[in-house]
Amino acid sequence: MGVTTMSGVLALPLLVMVAVVGIENGGGAVAVELFSSKLMHRFSDELKADSVSRSRGEVARFPRKWSSEYYRRLLSSDLQRQKVKLGPQFDYLFPSQGSTTLSTGDDYGWLHYTWIDIGTPNVSFLVALDTGSDLLWVPCDCMQCAPLSASYYSNLGKDLSEYNPSDSNTSKVVPCSHHLCEGGSSCKSPKDPCPYRVNYDTADTSTSGLLIEDILHLASGGTAASKKFVRAPIMLGCGSKQSGIYLSGVAPDGLMGLGLGNISVPSFLSKAGFSRNSFSLCLKEDTGRIFFGDQGIPSQHTTPFLPFDDINAYIVGVETSCVESYCLEKTNFKALVDSGTSFTFLPDAVYQKLAGEFDRQINATKFSFEGDQWQYCYKFSSEELPKTPSLSLKFSANNSFVVINPVFAIYGSQGAVGFCLAIQPTNGDIGTIGQNFFIGYRMVFDRENMKLGWSHSNCEDLTDEKGMPMTPSGSASPKPLPTTQQQSKPNGRAVAPAEAGRAPSKSTATSVFLVPGQFYISEMMLIFWPAAYIFLAFYC
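No experiment lies behind these values; they were computed from the predicted model shown.

So what exactly am I meant to see when it comes to the side chain of Ser455 here?
As for its placement among the helices and strands, Ser455 is situated in strand β31 (residues 451-456). Setting aside anything within four residues of it in sequence, one finds Ser455 in contact with Ile297, Gln300, Gly440, Tyr441 and Arg442.

Structure below.
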């Protein structure tokens with residue numbers, strides 16, 4: 001009987017792993033293979049030397065042995081493990097201003113927003129919600145930011161805020177040595193502030209500045225008596241320079257990335273043990289809810305998130321697409337689930353089949369409205385929409401997602417004139433399930449189990465909150481939205497609903513007037529940008 005060994009290196013603090021495998025040879029004898037691993041403490045000199053050779057001299061993440069920092073880092077890790085063992089502190093968390101989200105139309109690019117409080121003392125920001133990106137950023141030490149004055153927007157009762165790290169006694173600059181500063185090894189010094197830049201793949205749109213650590217104020221509980229306030233340490237972008245459509249009304253006060261990256265707010269909350277690694281968005285036409293830690297209800301439908309190349313995003317696989325009970329062949333595709341996109345985009349081949357079948361089944365006259373970009377529009381003379389065929393997407397295990405309302409109504413000066421199928425084609429194999437498909441559902445992004453959940457909801461079923469004003473508590477009353485008459489003035493500006501970081505500029509539309517959930521059109525010119533992905537890049 002022979003014994004051989006195979007050794008390797010494991011950088012584990014306290015773990016011994018030995019595997020003994022018996023292999024019977026042809027003569028009946030058993031040869032034993034012993035696999036062993038060499039163990040090294042994570043702060044050992046040997047591992048430090050290996051890290052130095054790999055990172056060209058960067059050793060800042062290794063504390064001096066037996067120093068106070070050495071013990072602090074070990075204790076921090078132990079406390080983190082204890083939080084994981086004990087489970088989350090709260091079932092649900094939401095912004096301290098309230099769980100309500102808002103969508104007020106063209107002034108903010110037709111996205112959903114919520115008020116959040118950052119820093120000590122806290123400052124309020126109205127941030128767009130985007131599941132297609134990771135970083136939370138706000139205007140900060142501005143060199144090039146969107147206008148923040150209330151006079152620039154039709155429905156604000158106070159100016160928007162600009163974050164100043166020096167005004168918050170809980171803020172800390174993130175150094176280049178931090179593990180979330182991905183380009184840290186190229187900084188001149190590991191102690192330098194970590195710069196960031198987020199590029200959004202449309203119209204040269206980006207945000208850049210420095211990474212900062214500070215406090216995000218949250219709350220739990222549904223009533224005033226049971227509500228508890230939480231101070232959660234997070235990382236955010238101090239966005240001193242924005243470009244593209246971030247200078248023309250989309251996300252003027254910042255954006256909260258809710259993606260899968262380690263720098264997103266859901267990641268910080270779950271790793272700190274505040275909530276489960278999950279969140280939900282429940283959207284209606286002009287309002288909604290956001291809850292961190294929500295994993296949905298037992299009866300919800302689910303489908304897994306899928307890996308796709310190097311994209312770390314909420315990708316799902318649609319097995320077939322259906323109009324009413326008729327499911328179309330070869331209409332499978334992958335899609336990004338993105339709250340930062342107003343409409344849904346399908347790969348062109350799938351779009352042509354689905355829209356063509358919708359057109360075949362609908363009992364209405366096809367019509368082309370002057371200047372629009374929609375391929376499947378219809379006119380009608382009554383005040384009510386005719387019955388439209390239902391659309392559904394089928395996922396694995398026969399889980400079906402039925403679209404609540406696949407069309408939008410069009411209004412002219414004399415009232416309703418028609419409606420259009422609210423889906424657009426896109427090049428490539430990846431589609432985008434946008435905000436309009438979210439409507440009427442509690443959409444659960446369960447990152448812990450890597451699955452998407454959905455169930456019908458009125459968006460009022462998690463707490464008894466009555467809603468949230470357009471301005472933070474203690475502020476002046478918000479100005480009302482423009483009336484239809486005001487909207488229809490010849491010099492009124494408006495654009496079509498657009499994607500977060502992808503909206504057309506103000507100059508691309510004239511004489512188009514819209515209200516949430518409906519379109520008012522005169523000599524309309526609707527411009528749509530193709531669906532695109534958002535990439536997060538840190539550099540030093």
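Help me understand the state of the cysteines in this model?
By definition, a disulfide links two cysteine residues through a covalent bond between their sulfur atoms. Tallied over the entire structure, the rule returns 7 disulfides. Two residues share a disulfide in this structure: Cys176 and Cys187, whose sulfurs sit 2.3 Å from each other. Of note, the bridge from Cys176 to Cys187 carries an S-S torsion of about -75° and is left-handed in sense. Taken together, the positions of Cys176 in the loop between β9 (172-173) and β10 (195-200) and Cys187 in the loop between β9 and β10 put the pair 11 residues apart, joining distant regions of the chain. Here Cys176 matches Cys187 in class, with each residue buried. Between the sulfur of Cys181 and that of Cys194 lies a disulfide, 2.1 Å long from S to S. Between Cys181 and Cys194, the S-S dihedral sits near 95°, and the bridge is therefore right-handed. Of this pair, Cys181 sits in the loop between β9 and β10 while Cys194 is found in the loop between β9 and β10, placing the two residues 13 residues apart along the sequence.

Would you mind showing me how to read the nonpolar core here?
The nonpolar side chains of a soluble globular protein tend to be buried, and buried together. Counting residues in each nonpolar core, the largest one holds 104 residues, and the members touching the most others are Ile118, Leu136, Met256, Phe292, Phe401, Met443 and Phe445. Considering every element that reaches this core, the biggest residue donor is strand β12 (residues 228-243), with 6 residues. Shared between two domains, this core holds at least three residues of each, these being domain 1 (93-292) and domain 2 (301-456). Aside from chain neighbours lying at most four places away, what touches Met256 is Ile116, Val127, Ala128, Leu129, Asp130, Leu135, Leu136, Val265 and Phe292. If you look at the next biggest cluster of nonpolar residues, it comprises 9 residues, including Phe343, Phe369, Cys377 and Phe408.

Mind showing me how you'd approach the pattern of salt bridges here?
The full count for this structure, using the stated rule, is 6 salt bridges. For Asp91, the salt bridge identified is with Arg276, shortest N-O distance 3.8 Å. Placement of the pair is Asp91 in the loop between α2 (68-86) and β4 (94-95) and Arg276 in the loop between α3 (265-271) and β14 (278-283), with a sequence separation of 185 residues. The partly exposed category is assigned to Asp91, whose relative accessible area is 48%. Residue class for Arg276 comes out partly exposed when judged on its relative accessible area of 27%. In the salt-bridge network here, residues are joined through shared partners; they are Lys284, Arg289 and Glu460.

Even after reading the chapter, I still don't get the packing of aromatic side chains, so can you show me in this structure?
For any pair of aromatic rings, the description rests on two quantities: the centre-to-centre distance and the angle between the ring planes. For the structure on display, the rule yields 21 aromatic pairs. Each ring, one from Phe305 and one from Tyr314, has its centre 5.0 Å from the other, and the planes form 45°; the classification is tilted. Each member of the pair, Phe305 together with Tyr314, is buried. Taken together, the ring pairs connect Phe279, Phe305, Tyr314, Phe438 and Phe445 into an aromatic cluster.

Help me out: how do you make sense of the confidence of the model for the protein in this one?
If pLDDT is low for a region, its predicted coordinates should not be looked at in detail. Across the protein, the average pLDDT comes to 77, with 69% of residues at 70 or higher. Confidence drops under pLDDT 50 across residues 463-471; counting only partners more than four residues distant or on other chains, this segment forms 37 contacts. Within the model, pLDDT remains below 50 along residues 473-540, and this stretch shows 201 contacts once partners closer than five positions in the same chain are excluded.

Any chance you could explain the sheet that holds strand β19 (residues 326-328) here in plain terms?
Backbone-to-backbone hydrogen bonds pair the strands of a sheet. The strands run either parallel or antiparallel. The strand order across the open sheet formed by 4 strands is β19-β18-β24-β25, and the pairing between neighbours is antiparallel. The sheet terminates laterally at β19 and β25 (400-402), the two strands that pair on one side only. Put simply, the sheet's adjacent strands are angled 25° from each other on average, direction ignored. Pairing geometry for strand β24 (residues 391-394) and β25, over 3 bridges, is antiparallel. Residue Lys394 lies in a different strand from β25, and its bridge partner there is Ser400.

Sorry, what's going on with the side chain of Arg447 here?
With respect to the helices and strands, the residue Arg447 is situated in the loop between β30 (441-446) and β31. Asp134 is the oppositely charged side chain nearest to the buried, salt-bridge-free Arg447, at an N-O distance of 6.3 Å. Polar side-chain contacts of Arg447 include one of 2.7 Å to the side chain of Asn277. Discounting residues that sit within four places of it in the chain, Arg447 has contacts with Leu258, Gly259, Leu260, Gly261, Ser264, Pro266, Ser267, Asn277, Ser278, Phe279 and Tyr314.

I would appreciate a short explanation of the environment of Ala232 in the present structure.
Within the secondary structure layout, Ala232 lies in strand β12. A sequence separation of 40 residues divides Ala232 from Ala272, and the C-alpha atoms of the two residues are 8.2 Å apart. Apart from the residues lying within four places of it in its own chain, the contact partners of Ala232 are Asp214, Ile215, Leu216, Leu218, Leu269 and Phe274.

Basis of the calculations
Residues numbered from 1 in each chain as written. Predicted model: local features only at pLDDT ≥ 70, side-chain atom pairs only at ≥ 80, totals over all residues. Heavy atoms only, no water. Helix = DSSP H or I, 4+ residues; strand = E, 2+ residues; numbered from the N terminus. Contact = heavy atoms within 4.5 Å. Disulfide = S-S within 2.5 Å. Buried < 20%, exposed > 50% of the residue type's maximum accessible area, 1.4 Å probe, protein only. Core = buried A, V, L, I, M, F, W, Y, C linked by side-chain atoms within 4.5 Å. Domains from an automatic or database assignment. Salt bridge = Lys/Arg side-chain N within 4 Å of Asp/Glu carboxyl O. Phe/Tyr/Trp six-rings, centres within 6.5 Å; stacked < 30°, edge-to-face > 60°. pLDDT = per-residue confidence, 0-100. Pairing = 2+ DSSP bridges. Axes fitted to C-alpha atoms, helices over the stretch in contact; angles between N-to-C directions. Lys, Arg positive; Asp, Glu negative; His and termini not counted. Polar contact = N/O pair within 3.5 Å; in protein donor to acceptor, adjacent residues only side chain to side chain.

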